[in-house]
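For reference, the chains in residue letters:
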Amino acid sequence: MSGNGSAASAVAENSPKMRVIRVGTRKSQLARIQTDCVVSALKALHPGLRFEIIAMSTTGDKILDVALSKIGEKSLFTKELEYALDKEEVDLVVHSLKDVPTVLPPAFTIGAVCKREDPRDVVVFHPKFVGKTLETLPEKSVVGTSSLRRMAQLHRKFPHLEFKSIRGNLSTRLQKLDELQEFSAIILAAAGLQRMGWQSRVGQGALGVEVRARDQDILDLVAVLHDPETLLCCIAERAFLRQLEGGCSVPVAVHTTLKDGQLYLTGGVWSLDGSETMQDTMQTTIHVPAQHEAGPEDDPQLVGITAQNIPRVAQLAAENLGISLANLLLNRGAKSILDVARQLNDAH
C-alpha cells in the first residue's frame, strides 16, 4: 500500500502543473452566477486550464445609502477589479457591460462580449399589488429604481406615480420591496432575474470580460466568447453613449436590433422629470460574421472593446452608427437637455 502511495506521489510530482487562470468578480450572488457562466464556457473551451474565482467588493457595493447618480464616480463597479487586474492579482474580470465606462484606462480592454440575455426592464410589484400595472397603481404610489433613465421615462408615462432611488443587490432590493411598506413596485433588469432563476418575479443583458490590453495570451483565451451580433450591437450603443457623454448622472437610453443585415439603433435623452425628450432611430447595413471568421490581427480597440476575430469594417460600421445618431440628437438640442439634467441632479 505504501509502495502504491509512493508511486502515485512520484507521478504527481512529475506531471506538468495545470495552469491557473484567476478570474475577478464582485461578491454579489448575481455577479458570482454571471462569472460562473463565463468560467464554465472557458472550461469547456480550454479543458487543460484551471480557473480560480476571486471575489471582491467595489465602491458601488460599499456605498448603498446614496443614489448612483449622486456618487460622482464613473467606475463604481469596476475600479477595484481593474486595480487587481493591473497588479496581476487576477488575469481577467467579468462585468455586466452596462457597468463598464465607455472609455477605459489605456491598460485595459474588453476582450470578450458574451451573448446578450433579455435586455428589457421588468416591474416587480409588492405582494399586495400583484395583478396591478403601473397604470393602475394608486395615486402617489412609490416605485423604486436606481436608474435616472428609468425614472425619467416612467415620470413621462405615469405622472401619477412617485419615484425613489433604491440601492443594493437584487436580493436586498426584493427584500426591501416585500418586507417594507415603502415601495409599491420596483424596476429591475430582466436579465438579472433570469440569471438568478427568479423568472416568476419578472449589457443590459450583456456580459463583458475585461483583461489587460497588452496580455495577448489572455485576449486569445477569452476571444472565443465573443458573440458577433451582441458585440456589434454593444459597440453601436457604447459609441452613442460616449458621444453624448451619457452615464449614471443623465437620463440617456439606447437600444439596438439586428435583422436581415440591417443594424437599427434607437436612442434618446430625457429631462429628469420626463417632460422633455428627444428620440430618433438610424440604421446601417452590416455584415454579421461567423464566430471564428478571420479578422484583423493588430487593430486598436473601439469604445473599450477588442475583437480581433471580428472584421474591422463591421465594427467601424457599428461605431459610426452610434456616433451619427448621437450627433443627430446633439444637433437638435440634446446637449441643453442633458446639461440641465446634470445641473438639477447635482443640485438635489
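Quick notes on the rules
- Residues numbered from 1 in each chain as written.
- Predicted model: local features only at pLDDT ≥ 70, side-chain atom pairs only at ≥ 80, totals over all residues.
- Heavy atoms only, no water.
- Salt bridge = Lys/Arg side-chain N within 4 Å of Asp/Glu carboxyl O.
- Buried < 20%, exposed > 50% of the residue type's maximum accessible area, 1.4 Å probe, protein only.
- Helix = DSSP H or I, 4+ residues; strand = E, 2+ residues; numbered from the N terminus.
- Expected span 1.5 Å × (residues − 1).
- Contact = heavy atoms within 4.5 Å.
- pLDDT = per-residue confidence, 0-100.
- Pairing = 2+ DSSP bridges.
- Axes fitted to C-alpha atoms, helices over the stretch in contact; angles between N-to-C directions.
- Polar contact = N/O pair within 3.5 Å; in protein donor to acceptor, adjacent residues only side chain to side chain.

Draft legend 1. Spatial organisation of the pattern of salt bridges. Inspection of the entire model under this criterion finds 16 salt bridges. A salt bridge links Asp-217 to Arg-19, with the shortest nitrogen-to-oxygen separation between them at 2.7 Å. Overall, Arg-19 belongs to the partly exposed group, its relative accessible area being 38%. Lys-140 is the partner of Glu-162 in a salt bridge, and the nearest nitrogen-oxygen pair spans 3.9 Å. One end of the pair, Glu-162, is in strand β7 (residues 162-164); the other, Lys-140, is in the loop between β5 (121-125) and β6 (142-144), with 22 residues separating them in the sequence. The partly exposed category is assigned to Glu-162, whose relative accessible area is 35%.

Draft legend 2. Examining helix α11 (residues 312-331) more closely. Between its first and last C-alpha, α11 extends 28 Å over 20 residues, near the 28 Å set by a 1.5 Å rise per residue. Residues of α11 that are buried: Ala-314, Gln-315, Ala-317, Ala-318, Glu-319, Leu-321, Gly-322, Leu-325, Ala-326 and Leu-329. At its buried positions, α11 is contacted by α10 (228-244), β11 (262-270), β12 (277-285) and α12 (334-347). Of the residues one or two after α11, Gly-333 is the one with positive phi, at around 110°.

Draft legend 3. Layout of the confidence of the model for the protein chain. In the predicted model, the protein chain carries a mean pLDDT of 86, and 86% of its residues have values of at least 70. Predicted confidence is poor over residues 8-15, with pLDDT under 50, and the contacts of this stretch with residues over four places away or in other chains come to zero contacts.

Draft legend 4. View of the sheet that holds strand β10 (residues 252-259). Strand order in this open sheet of three strands is β10-β11-β12, and the pairing throughout is antiparallel. Either end of the sheet is taken by a strand with one partner, and the two such strands are β10 and β12. This sheet shows a mean twist of 15° between the axes of neighbouring strands, independent of strand direction. Taken together, the nine bridges between β11 and β12 define a ladder with antiparallel strand orientation. Bridge pairing in β12 places Trp-270 opposite Thr-277. Along the sheet, α11 makes contact with β11 and β12, crossing β12 at roughly 150°. Where α12 meets the sheet, it contacts β10, β11 and β12, and its direction lies at approximately 50° from that of β11.

Draft legend 5. Geometry of the sheet that holds strand β2 (residues 49-56). If you trace the five strands from one edge of the open sheet to the other, you get β2-β1-β3-β9-β4, paired in mixed fashion. The sheet is open, and its two edges are formed by β2 and β4 (108-113), each paired on a single side. Between one strand axis and the next, the sheet turns by 30° as a mean value, whatever way the strands run. Along the sheet face, helix α5 (residues 79-86) touches β1 (19-26), β2, β3 (92-96), β4 and β9 (207-212) and points at about 35° away from the line of β9.

Draft legend 6. How the structure looks around the side chain of His-226. Structurally, the position occupied by His-226 is in the loop between α9 (216-223) and α10. In terms of polar contacts, His-226 uses its side chain to reach the backbone carbonyl oxygen of Gly-111, at 3.0 Å. Separated by 3.0 Å, the side chain of His-226 and the backbone nitrogen of Val-113 make a polar contact.

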